[in-house]
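Notes for the structure review
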Amino acid sequence: MSTPPTQQESELEEQLDSALVTARRQLERAATHVDVDDGIIERLKHPTRVEQVSVPLERDDGSVDVFTGYRAQHDDVRGPYKGGLRYHPEVNADECIGLSMWMTWKCAVMDLPFGGGKGGISVNPKSLSEEETERLTRRFAEELRYVIGPTTDVPAPDMGTDAQTMAWFMDAYSMQQGKTIPSVVTGKPPVVGGSYGREEAPGRSTAIVARETVNYYGGDLEDTTVAVQGFGSVGANAARLLEEWDASVVAVSDVNGAICDPDGLDIGSIPTHEEKPEAVLEQDAPESLTNEEILELDVDVLIPAAVGNVITVDNADSISAEIVVEGANGPTTFAADTILQERGVRVIPDILANAGGVTVSYFEWLQDINRRKWSLGQVNEELEEKMLDAWEEIRTEVEAKDLSWRDAAYVVALSRIAEAKAKRGLWP
Ligand code: NAD
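On a predicted model such as this, the values are computed, not experimentally measured, just so you know. (Residues numbered from 1 in each chain as written. Predicted model: local features only at pLDDT ≥ 70, side-chain atom pairs only at ≥ 80, totals over all residues. Heavy atoms only, no water.)

**Topic: the pairing of strand S4 (residues 115-122)**
We apply this condition: The buried label goes to any residue with under 20% of its type's maximum accessible area, the exposed label to any with over 50%, and the partly exposed label to all in between, with areas taken from a 1.4 Å probe on protein chains only. A run of H or I in DSSP counts as a helix once it spans at least four residues, and a run of E counts as a strand once it spans at least two, with each numbered from the N terminus. Whether two strands pair depends on DSSP finding at least two bridges between them. Crossover handedness is defined by viewing with both strands directed away from the observer: a clockwise path from the first strand over the helix to the second marks the crossover as right-handed.
Across the eight residues that make up S4, a large majority, seven, are buried. Alignment of strand S3 (residues 81-88) against S4, held across six bridges, turns out to be parallel. Looking at the pairing, Tyr81 lines up with Gly115 of S4. Between the parallel elements S3 and S4, the chain passes through helix H4 (residues 93-109) in a crossover that is right-handed.

This is how it looks when you write it as structure tokens:
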């Protein structure tokens, strides 16, 4: 029998955690709970394709730089690859593969007809002018033209890219194809085929699963205190909705630190990162905290919604919340997750909690294909239904197999993918 890792070993392991290592570990762990053919698990450990391209850019001063771009396509047994394009200096092939695996599980857990993809360019977006970003994006679209498409692989915005980037990407692709094809990417501005409610969706889904989980464990949102790390797109939208639904949001933070009011903050009056970047500490509040302290606050629900790897072996024992809802991608390291599980903290995983984003991307794709726009009301209604269905499927596994919420989510995802693979078979 193997002995559990020491604290030092766990810390070392965490430092080595890459998206790919984590994604493979999670697959292996899920495989122990599901009766799936070993060959299928083996196939899922590897991406179908990883495209690497050189993207030349003429700078504003006339000089030329060449950047490296990637698109990892993990698995498309359930439909076209789907996932973001990020512009960040640390983008590399392994990270794209790991994150594309993550997207495979996320799409499957939401029962969307998509597989997982992820890509990007290794570049610091802050070092580019707007014109340079546009030229880089158009050339990247051209380099990827042969591996993406509305029925093959549908990118979306991610770190360092936004709705405008997607509009340029769609335009470049459409011009080369000789017709307007909005469904080649999602997360576009509504005026060129984007969906209403897309921006707010990951925060909305985070709030929905927080509400369902509180109710499931016998709580009532009216008596629930919440802390949200990261007051950006995900965190602010989740906090605003939870406040609207009568929860008491007692602390929020941005990159500079946190504010706290044990009687509940007036969330509606705090500008989001988009409205006024890094304005949280400018607000009147009885207490201010660090970003480490907000995670350990004595609240009912903790929503880490800023960056990855914030709950680690160093602080997992100090998390006081009974429920952690992962608004960010990968906020809990693999080792910390084990500690939280042992301590009985319920962790609602990112692949469910923030999946509102990819779900409304799916709605956007449907609207583009059908050339029929949905109202915001319809988007939110259908999102609510999809979230409740997914939450319910996972709850069933939690109860039936006595699993953590994360393991149960992976079991649901893996079962769907494995079943599709078994039915389609391996050819030749
Ligand atoms: P954002 O840029 O809108 O906001 C991020 C917020 O976190 C800001 O308030 C920023 O000040 C704060 N922040 C940054 N670094 C921090 C740090 N080290 N410690 C504490 N706070 C910090 O980002 P977002 O779109 O809300 O994304 C947040 C997380 O959610 C990311 O992990 C992202 O991958 C994930 N996510 C986003 C979406 C989406 O569509 N926006 C979808 C799914 C998952």
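Structure's up, so let's keep going.
**With respect to the environment of Thr133**
Our working definition: In this analysis, two residues are considered to be in contact whenever any of their non-hydrogen atoms come within 4.5 Å of each other.
Secondary-structure assignment places Thr133 in helix H5 (residues 130-144). A C-alpha to C-alpha distance of 9.4 Å links Thr133 and Thr161, two positions 28 residues apart in sequence. With sequence-adjacent residues up to four places away left out, Thr133 is seen in contact with Tyr87, Leu128 and Trp168.

**Brief notes about the state of the cysteines**
Worth spelling out the cut-off: Disulfides are defined as cysteine sulfur pairs within 2.5 Å.
Under the defined criterion, the tally for this structure stands at zero disulfides. Unpaired in terms of disulfides, Cys96 finds its nearest cysteine sulfur in Cys107, a separation of 16 Å. According to the relative accessible area criterion, Cys96 is buried, its value standing at 1%. With a relative accessible area of 0%, Cys107 lands in the buried category.

**Observations concerning the site of the ligand**
Here is the rule: Here a residue is considered near a molecule or strand provided that any single heavy atom belonging to it is located within 4 Å of it. Counted as a polar contact is a pair of N or O atoms within 3.5 Å, where, for protein atoms, one must be capable of donating a hydrogen and the other of accepting one, and residues adjacent in sequence contribute only when both atoms are in side chains. A 1.4 Å probe and the Shrake-Rupley method give the accessible areas. Residues count as covered only by the protein chains that appear here. Residues are grouped as follows: Ala, Val, Leu, Ile, Met, Phe, Trp, Tyr, Cys and Pro are nonpolar; Asp, Glu, Lys and Arg are charged; all remaining types, including Gly, are polar.
Around the ligand, a shell composed of 19 residues is seen, among which Gly232, Ser233, Val234, Val255 and Asn329 lie nearest. Residue Phe231 places a main-chain N or O atom 3.1 Å away from an oxygen atom belonging to the ligand. A distance of 3.5 Å is found between an oxygen atom of the ligand and a backbone nitrogen or oxygen belonging to Gly232. Here the ligand loses 73% of its free accessible area of 830 Å² to cover by the protein chains. Of the residues that constitute the shell around the ligand, the class distribution is eight nonpolar, eight polar and three charged.

**Focus on the pairing of S3**
Burial analysis of S3 places seven of its eight residues in the buried class, the great majority of the element. Direction of pairing for S3 relative to strand S5 (residues 153-157): parallel, over a ladder of five bridges. Bridge pairing links Tyr81 to Asp153 in S5.

**Examining the sheet that holds strand S1 (residues 49-58)**
Test applied: For helices, the axis comes from a line fit to the C-alpha atoms of the stretch in contact; other axes are also lines fit to C-alpha atoms, and the angle between any two N-to-C directions lies between 0 and 180 degrees.
What the five strands build is an open sheet, ordered S1-S2-S4-S3-S5; its pairing is mixed. Here the strands that pair on one side only, and so sit at the sheet edges, are S1 and S5. For this sheet, the mean inter-axis angle between neighbouring strands, taken without regard to orientation, is 25°. Relative to strand S2 (residues 64-75), S1 runs antiparallel, the two sharing ten bridges. Within the sheet, the bridge partner assigned to Val53 lies in S2 and is Gly69. The strands that H4 touches are S1, S2, S3 and S4; relative to S4, the one it contacts most, it runs at about 150°.

**Section: the packing of aromatic side chains**
Cut-off, in case you're wondering: Classification of ring pairs uses Phe, Tyr and Trp, with its six-membered ring standing for Trp, and accepts pairs whose centres are within 6.5 Å; under 30 degrees between planes counts as stacked, over 60 as edge-to-face, and the remaining range as tilted. Two thresholds decide whether a charge sits over a ring: the Lys NZ or Arg CZ must be within 6 Å of the ring centre and within 35 degrees of the ring normal.
Overall, the coordinates contain twelve aromatic pairs when judged by the stated rule. Each ring, one from Phe140 and one from Phe169, has its centre 6.5 Å from the other, and the planes form 85°; the classification is edge-to-face. One end of the pair, Phe140, is in helix H5; the other, Phe169, is in helix H6 (residues 163-177), with 29 residues separating them in the sequence. The class of Phe140 is buried, set by a relative accessible area of 0%. Within the aromatic cluster, the residues linked to one another by ring pairs are Phe114, Tyr362, Phe363, Trp365 and Trp374. Here the guanidinium or amino end of Arg25 rests over the ring plane of Phe334, the centre of that ring lying 5.0 Å away.

**Some remarks on helix H10 (residues 334-342)**
Looking only at H10, the buried set comprises Phe334, Ala335, Ala336, Asp337, Ile339 and Leu340. Just beyond H10, the residue with positive phi is Gly344, at close to 80°.

**Re the side chain of Ser174**
Structurally, Ser174 is set in helix H6. Exposure remark for Ser174: the relative accessible area of 6% places this residue in the buried category. Here the side chain of Ser174 touches Ile181 through a polar contact of 3.0 Å, landing on its backbone nitrogen. Ser174 has contacts with Lys179, Thr180 and Ile181, leaving out every residue within four places of it along the chain.

**Points about the packing of helix H2 (residues 19-31) against H10**
Operational definition: These descriptions rest on fixed angle ranges, namely under 35 degrees for roughly parallel, over 145 for roughly antiparallel, 65 to 115 for roughly perpendicular, and the rest for oblique.
For the pair H2 and H10, interaxial distance at closest approach is 11 Å and the crossing angle is 40°. When the axes of H2 and H10 are compared, the pair comes out oblique. Here H2 contributes Arg25, Gln26 and Arg29 to the contact with H10, which in turn contributes Phe334, Asp337, Thr338 and Gln341. In the contact of H2 with H10, the residues fall into one nonpolar, three polar and three charged.

**Let's talk about the pattern of salt bridges**
Just so we agree on the cut-off: Any carboxyl oxygen of Asp or Glu within 4 Å of a side-chain nitrogen of Lys or Arg constitutes a salt bridge here.
For the structure on display, the rule yields 31 salt bridges. The shortest N-O distance in the salt bridge between Arg139 and Glu143 comes to 2.8 Å. On the criterion of helical spacing, the pair formed by Arg139 and Glu143 is a turn pair, its members being four residues apart in helix H5. As a salt-bridge pair, Asp368 and Lys188 come within 2.7 Å of each other at their nearest N and O atoms. Placement of Asp368 in helix H12 (residues 356-370) and of Lys188 in the loop between H6 and helix H7 (201-216) is noted, with a sequence separation of 180 residues between them. Like Asp368, the residue Lys188 is buried in the burial classification.

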